[in-house]
Structure formats: C-alpha cells, structure tokens
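Residue-level listing of the chains:
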Amino acid sequence: MAHLHFPILRKARRAFRQNTDGSLSVEAILVTPLLLTAVMLSYGYFTAFDAKMRANKAANTLADYVTRQTEAVTPEFVAGLAEMYKFLNNEGDISLRVSAVRWSTADNEEGAYELVWSSGTGELASLETLDAIEPRLPLLSDGNEVVVIETVRPWSAPFKLGLADVKFSDVITTQPRFATQVAYDDGSEDDGSSLANIVGDVVGEVGSLGGG
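Owing to the predicted nature of the structure, the values given are computational and were not obtained by experimental measurement. (Residues numbered from 1 in each chain as written. Predicted model: local features only at pLDDT ≥ 70, side-chain atom pairs only at ≥ 80, totals over all residues. Heavy atoms only, no water.)

### What about the sheet that holds strand 1 (residues 95-104)?
1) Next: Here four strands make up an open sheet; going across it, the order is 2-1-3-4 and the pairing antiparallel. Strands at the two margins of the open sheet, each flanked by one partner only, are strand 2 (112-121) and strand 4 (166-174). Within the sheet, the average angular offset between the axes of one strand and its neighbour, ignoring direction, is 20°.
2) Next: Bridge analysis of strand 1 against strand 2 gives nine bridges, and the strand direction is antiparallel. Note that in strand 2 the partner of Arg-102 across the bridge is Glu-114.
3) Next: Of the strands in this sheet, strand 1, strand 2 and strand 3 (145-155) touch helix 3 (residues 75-89), which is tilted by about 125° from strand 1. (Pairing = 2+ DSSP bridges. Helix = DSSP H or I, 4+ residues; strand = E, 2+ residues; numbered from the N terminus. Axes fitted to C-alpha atoms, helices over the stretch in contact; angles between N-to-C directions. Contact = heavy atoms within 4.5 Å.)

Structure, rendered in structure tokens:
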C-alpha cells in the first residue's frame, strides 16, 4: 500500500507545482485597487491644477479689461465682471473685488498707499483699509495708481480620496492703460457734480455783483 501512496503523492505534488492557472486573477485582484487609486489621485491633481490655471488666467483677463476702461466703473460693472469670472471658470460660487490704490506723499513725506475706491461681490466685501492687500502692492511713484483685482473660487476633488476642498485665490495688480486712473461711480448723488454746480452758482453771483 505504501508503494501505491507515494507515486500518487509525487504526481499530485508535481501537478500542483506546475499548474499556475488562476495566478493572474489573484494578482489582478491585488493590484487593481492600487491602480484605480493611483488613477483617481492623478486625475484629482490634474483637475486641481487645471482649475487653478483657469482661475489665474481669468483674473488676469479681467484685470486687463478693467484697466482699459475710460469711463467710470460702477457696481453694475463689477457685478458683470463677477458673471464673466463665473463663466470663465464654469463655477457659480465665486467672489470678486476691484479696488484702486494710489501712492501719495500728501499726508506723509515718506509716502503711503491710499485706497481710492473699492467694490466687491460675494465674500469679498468692499475694502475699508488696505491691511489685507498692502503686502501684495507694488512699488509706485508719487501719485501713481494701480487697479487691484482679487478673486476667489472654490474647488472640490472629483473623488473624495485624500484631496480636501480648497479655495483658489488670486491678487492681480495692473496699472491703467489709457489714463492715469480708472474712475469709479457708485451712483450716489454726491459724485462731484453737485460741487461743480455750487461753484458755478458762486461764480455767477460774483459776476453779477461785479456787473452791478
């Protein structure tokens, strides 16, 4: 009986040792999750860089457009810029702010930045001070102005796999193209015209007195 068992065992060992059927399936089961994870992460990082590139290009485009304006910018104009930024980024939840900043030595012999005007949408409300953007402002000569465009857009990973939601922000400073400054009109009555009327009335009264 022993002689019968040994040949059978040897044949069985030889058969199992040489048979590799199913080994590829096992390897695929082990490797496929790793490959899918790598693909999803790669795609997630690609979309993040693509969104950041689009946001930066859109902000630069808007900055160039604003600095070419020869008429006064209005709140409606800024709202239109926000809609344009949404379109260029294919993203609805965005924030945008446009400000004009001047370097002046009128009140400070060493010179200081002055906020000329500011208008914002979304999370970026109009500036009251320059503390938030002063570190990003360029060197200017006395009386020169720059237009500052600030934009914020959110980004969410296509796969919730190690990539957190972030907000891409850009700060673009550009000098006016065709004038020394880009004017702003918030629609209020006190936009300088009333002062001109007062000055005109005073001049008229002085002239009439002189003629009398």
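### Some words on the side chain of Thr-47
1) Next: Here Thr-47 lies in helix 2 (residues 23-67).
2) Next: Polar side-chain contacts of Thr-47 include one of 2.7 Å to the backbone oxygen of Gly-44.
3) Next: Beyond its immediate sequence surroundings of up to four residues, Thr-47 is in contact with Trp-155 and Pro-158. (Polar contact = N/O pair within 3.5 Å; in protein donor to acceptor, adjacent residues only side chain to side chain.)

### As for empty space enclosed by the protein
1) Next: The tally for this structure, following the rule as stated, stands at one cavity of 30 Å³ or more.
2) Next: The volume enclosed by the largest cavity comes to roughly 40 Å³.
3) Next: Looking at the largest cavity, the residues that line it are Asp-93, Ile-94, Ser-95, Glu-123, Val-152, Arg-153, Pro-154 and Lys-167.
4) Next: Residue contributions to the lining of the largest cavity peak at three residues, all from strand 3. (1 Å grid on protein atoms, 1.4 Å probe; cavity = no way out; pocket = protein on both sides within 12 Å on 5 of 7 lines; lining within 4 Å. Points joined across faces, edges and corners; volume = space filled by probe spheres on them.)

### Thoughts on the pairing of strand 3
Within a regular strand, the side chains alternate between the two sheet faces.
1) Next: When you tally the buried positions in strand 3, you get 11 out of 11 residues, the bulk of the element.
2) Next: Of the two faces of strand 3, the one holding Glu-145, Val-147, Ile-149, Thr-151, Arg-153 and Trp-155 and the one holding Val-146, Val-148, Glu-150, Val-152 and Pro-154 are both buried throughout.
3) Next: Where strand 1 meets strand 3, eight bridges bridge the pair, whose relative direction is antiparallel. Its bridge partner being in strand 3, Val-101 is matched across the sheet by Val-146. (Buried < 20%, exposed > 50% of the residue type's maximum accessible area, 1.4 Å probe, protein only.)

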